[in-house]
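Breakdown of the fold
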Amino acid sequence: MSCERIYLSPPAMSEADLAALTEAFQSNWIAPVGPALGAFEAEMCRQTGAAHAVALASGTAALHLALKESGVGPGDQVFCSTLSFAASANAIAYCGAEPVFIDSEASTWNMDPARLEEALEAAAKTGKLPAAVEVVQAYGQCADMDAISALCEKHGVVLIEDAAEALGATYKGRAAGTFGRASVMSFNGNKIITCSGGGMLLTDESALADRVRYLSTQAREPGRAYLHLEVGYNYRLSNLLAALGLSQLKSLPEKVAQRRAVFERYGERLGALPGVTLMPETPGGEGTRWLSSLLIDEQEAGISSSELLDALEAEKIEARPLWRPLHTQPCFAHCRVYGGAVAEGLAARGLSLPSQLSEAQQERVCACVEKAFAQKR
Ligand SMILES: *Cc1c(COP(=O)(O)O)cnc(C)c1O
């Protein structure tokens, strides 16, 4: 039993989820439209407070349309958090635009408002502001949204929120996914809720939601004729997956509570090890602890984060380094970055431990970490 592999963030599926999927299947709504789709969107609006939601095939597709419909096009720049998954910047590239990366701050691991200000001031001086700012709410928690929103407002730049990892998080009582002109969620397999693959765009603007719905269904004009006035995309979520997503979403509060409890237990057990610092929580924010992440100071700990990753892997425990900062990715190496050292430092020292697991499994993870520390010291 102790040889069973422990995964980083496996899907948490219930009997109710299976029943929801079966019901959608039996109703024969195996199509990219159907009753579950609207119900999933309505439940997302209810839980986040967003006025409109459009269910899409992936978070990346949602980001693409969010940017495109905010006017991002060829030759534009988009200021984007550097500590993130590639999808955040890929969507910018799909628009023919170029990401300009903004460093993290140590207190949130997310976009540093001071760096954003510096970048916006520099851009304003040249007379060419970015077409949008894309803030990533990484690792299940919000950035310093008061400061970031104020800067975007001051310069009149559209704010797009990549909340793919932060469903269920809040900042000053307001839900992640409601800070952007358009905000994006992901339901990929490792996210806090999943329908195996899917995403959603949230917005308070009904015209924007209508446009995204239209573009995501191949921009087909209503009526009998197959009439297309512009080029569209096949980005709508299927009804079958929406049924699963809706069922998963209903238990989001429990899922958040479980992940937070996992993080708390890691803190109690591992927080006192030399050189270990758990991920801080954004002032004014409550994160989901989507992944339980921590930093290891090799000097103090006597072990590096990559050595610890090896020790965990040897015991069939899946842990991961933090995102490789996007400005260090070969495919974005030509892009400009403001700062970068903070994100690089976090990435060099950070890792995420299994975050969706039983207490017995967590005991195994903690014992493995303690053993690795003891052996190295
Ligand atoms: C997962 C993720 C995405 C992409 O979502 P998909 O549904 O996998 O396309 C975008 N941004 C961030 C920060 C993510 O973690």
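Everything here concerns the structure above.
Model, not experiment: these values are computed from the prediction.

What to know about the nonpolar core
- In this structure, Phe-40, Leu-312 and Leu-353 are the most contacted members of the largest nonpolar core, which totals 90 residues.
- When residues of this core are assigned to domains, at least three map to each of domain 1 (15-251) and domain 2 (253-376).
- In this structure, Val-54, Leu-63, Cys-95 and Val-212 belong to the second largest nonpolar core, which totals 33 residues.

Description of the packing of helix H2 (residues 35-48) against helix H8 (residues 239-250)
- Contact pair H2 / H8: the axes reach a minimum separation of 7 Å and the direction vectors enclose 30 degrees. Taken together, the axes of H2 and H8 are roughly parallel relative to one another. The crossing of H2 and H8 is left-handed. Between H2 and H8, the contacting residues are Pro-35, Ala-36, Leu-37, Ala-39, Phe-40, Glu-43, Met-44 and Gln-47 on the first element and Asn-239, Ala-242, Ala-243, Gly-245, Leu-246, Leu-249 and Lys-250 on the second.

Regarding the sheet that holds strand S5 (residues 158-162)
- Reading across the sheet, the 8 strands line up as S1-S9-S8-S5-S4-S2-S3-S14 and stay open at both edges, with mixed pairing between neighbours. Strands at the two margins of the open sheet, each flanked by one partner only, are strand S1 (52-56) and strand S14 (337-338).
- Bridge count between S5 and strand S8 (residues 182-186): 3 bridges; the pairing is parallel. Pairing of Glu-161 across the sheet is with Ser-183, part of S8.
- Contacts from helix H4 (residues 87-94) reach strand S2 (77-81), strand S3 (98-102), strand S4 (132-136) and S5, with the element oriented near 150 degrees to S3.
- Sheet strands in contact with helix H6 (residues 145-155) are S4 and S5, and its direction is about 145 degrees off that of S5.

A closer look at the site of the ligand
- Taken together, 15 residues surround the ligand, and among them Gly-59, Thr-60, Glu-165, Ser-186 and Lys-191 come closest.
- The contact in question runs from a nitrogen atom of the ligand to an N or O atom on the side chain of Asp-162, over 2.8 Å.
- Within the side chain of Lys-191, one N or O atom sits 3.3 Å away from an oxygen atom of the ligand.
- Expressed as a share of its isolated accessible area of 380 Å², the protein-covered part of the ligand is 94%.
- Listing elements by their share of the shell around the ligand, those giving two or more residues are helix H3 (59-68) and H4.
- Here the shell around the ligand is built from residues that sort into 4 nonpolar, 8 polar and 3 charged.

Digging into the side chain of Arg-259
- As for its placement among the helices and strands, Arg-259 is situated in helix H9 (residues 252-270).
- Among buried charged residues, Arg-259 stands out as having no salt bridge; its nearest opposite-charge side chain is Glu-318, 10 Å away.
- When near neighbours in sequence (up to four residues on either side) are disregarded, Arg-259 contacts Ser-9, Pro-10, Lys-191, Ile-192, Thr-288, Arg-289, Trp-290, Ser-355 and Gln-356.

Describing the packing of aromatic side chains
- For the coordinates displayed, the defined rule picks out 9 aromatic pairs.
- Consider the rings of Phe-101 and Phe-332, whose centres lie 5.8 Å apart with planes at 70 degrees: the pair is edge-to-face. Of this pair, Phe-101 sits in strand S3 while Phe-332 sits in the loop between strand S13 (320-321) and S14, placing them 231 residues apart in sequence.
- For the pair Tyr-233 and Tyr-235, a centre-to-centre distance of 5.1 Å together with 25 degrees between the ring planes defines the contact as stacked.
- Look at Tyr-235 and you get buried, because its relative accessible area is 18%.
- Each residue in the set Phe-85, Trp-109, Tyr-139, Trp-290 and Trp-323 is aromatic and connected to the rest through ring pairs, giving one cluster.

Thresholds, definitions, all that
Residues numbered from 1 in each chain as written. Predicted model: local features only at pLDDT ≥ 70, side-chain atom pairs only at ≥ 80, totals over all residues. Heavy atoms only, no water. Core = buried A, V, L, I, M, F, W, Y, C linked by side-chain atoms within 4.5 Å. Buried < 20%, exposed > 50% of the residue type's maximum accessible area, 1.4 Å probe, protein only. Domains from an automatic or database assignment. Axes fitted to C-alpha atoms, helices over the stretch in contact; angles between N-to-C directions. Helix = DSSP H or I, 4+ residues; strand = E, 2+ residues; numbered from the N terminus. Parallel < 35°, antiparallel > 145°, perpendicular 65-115°, else oblique. Left-handed = near helix turned anticlockwise from the far one by under 90°. Contact = heavy atoms within 4.5 Å. Pairing = 2+ DSSP bridges. Near = heavy atom within 4 Å. Polar contact = N/O pair within 3.5 Å; in protein donor to acceptor, adjacent residues only side chain to side chain. Areas by Shrake-Rupley, 256 points an atom, 1.4 Å probe, with all protein chains shown as cover. Nonpolar A, V, L, I, M, F, W, Y, C, P; charged D, E, K, R; others polar. Lys, Arg positive; Asp, Glu negative; His and termini not counted. Salt bridge = Lys/Arg side-chain N within 4 Å of Asp/Glu carboxyl O. Phe/Tyr/Trp six-rings, centres within 6.5 Å; stacked < 30°, edge-to-face > 60°.

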